[in-house]
Amino acid sequence: MLAAVLIEDLFDERELIYPFYRLKELGFTVDIVGPELKEYKGKNGFSLKATKDAKSALREDYVLVWIPGGYAPDRLRRNKDILELVRKTSEKGIVAAVCHAPWVLISAGIVKGRRVTGFSSIVDDLRNAGAYVVNESFVRDGNIITGTDPDAMPGMMKLVLESLREKGITIDL
């Protein structure tokens, strides 16, 4: 099973590290995918190198793409290959976005008519993109899972597991 965690400068370290290790624990091979194959700096000074660039990642069939928040989503949504990867994965796989990361979903054009949540400062953006914004910490609409902040991630991960089961993918814990 293959998953991608997206990265760009000023990512929220908590929102990248938690899903990275949880997905590995669940048996996924996890690629850290950035616009380029380089080192990215987090909001709090932690640095991490992408293991795959977005153009190369487009050749993969990811079961899941996880998009961390921070200020990185504002940068990620400017990259056409990242947006294509998110769109492609949303067709057959699962896309999870936490905090400001639903911005990427907006730019990928996949939120219209969907129930979503996100950090309070992007609620207007989500509504303007045609999403139905719910006042919940985390929510799932089909294969799209969104959360408001780092505290939402354990609930989001439970929804990821539920989505995997529905796709016939069982995880041995």
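Residues numbered from 1 in each chain as written. Predicted model: local features only at pLDDT ≥ 70, side-chain atom pairs only at ≥ 80, totals over all residues. Heavy atoms only, no water.

**Observations regarding the nonpolar core**
Ranked by internal contacts, the top residues of the largest apolar core, which has 31 residues, are L23, F28, W66, M156 and L164. Residue assignment for this core shows that the elements contributing at least two residues are strand 1 (2-6), helix 1 (13-25), strand 2 (29-34), strand 6 (64-67), strand 7 (94-98) and helix 7 (153-166). Residue contributions to this core peak at seven residues, all from helix 7. Here L164 is in contact with F28, V63, I94, I169 and I171, once residues within four sequence places are set aside. The next biggest cluster of nonpolar side chains, apart from the first, holds 30 residues, and it includes A54, A108, I122 and V133. (Core = buried A, V, L, I, M, F, W, Y, C linked by side-chain atoms within 4.5 Å. Buried < 20%, exposed > 50% of the residue type's maximum accessible area, 1.4 Å probe, protein only. Helix = DSSP H or I, 4+ residues; strand = E, 2+ residues; numbered from the N terminus. Contact = heavy atoms within 4.5 Å.)

**Observations concerning the side chain of E13**
When you line up the elements, E13 lands in helix 1. Of the buried charged residues, E13 lacks a salt bridge, with R14 as the closest side chain of opposite charge at 6.4 Å. Looking at E13, its side chain comes within polar contact range of the main-chain nitrogen of K43, at 3.3 Å. Setting aside chain neighbours within four positions, we find E13 in contact with G42, K43, N44, G45 and F46. (Lys, Arg positive; Asp, Glu negative; His and termini not counted. Salt bridge = Lys/Arg side-chain N within 4 Å of Asp/Glu carboxyl O. Polar contact = N/O pair within 3.5 Å; in protein donor to acceptor, adjacent residues only side chain to side chain.)

**Quick word on the pattern of salt bridges**
Within the structure shown, the criterion is met by 15 salt bridges. A salt bridge links R14 to D12; the shortest N-O distance between them is 2.8 Å. Exposure remark for R14: the relative accessible area of 48% places this residue in the partly exposed category. On the basis of relative accessibility, which here comes to 2%, the residue D12 falls in the buried class. Between K80 and D81 there is a salt bridge, with its nearest N and O atoms 3.4 Å apart. Residue classification places K80 among the exposed residues on the basis of a relative accessible area of 60%. For D81, a relative accessible area of 13% gives the class buried. One network of salt bridges, in which partners are shared, links D12, R14 and K43.

**Description of the sheet that holds strand 6**
Taken together, the seven strands give an open sheet; going across it, the order is 5-2-1-6-7-11-10, and neighbouring strands pair in mixed fashion. Because the sheet does not close on itself, it has two edges, and the strands there are strand 5 (52-53) and strand 10 (138-141). Contacts between helix 7 and the sheet are confined to strand 6, strand 7, strand 10 and strand 11 (144-147), with strand 10 contributing the most and set at about 20° to the helix. (Pairing = 2+ DSSP bridges. Axes fitted to C-alpha atoms, helices over the stretch in contact; angles between N-to-C directions.)

**Quick look at the packing of helix 1 against helix 7**
Running from N to C, helix 1 and helix 7 point in directions that differ by 35°, and their axes come no closer than 11 Å. Between helix 1 and helix 7 lies a crossing whose hand is right-handed. Across the interface between the two elements, R14, E15, Y18, P19, R22 and L23 from helix 1 touch M153, P154 and M157 from helix 7. Of the residues assigned to the contact of helix 1 with helix 7, the class counts are six nonpolar, no polar and three charged. (Left-handed = near helix turned anticlockwise from the far one by under 90°. Nonpolar A, V, L, I, M, F, W, Y, C, P; charged D, E, K, R; others polar.)

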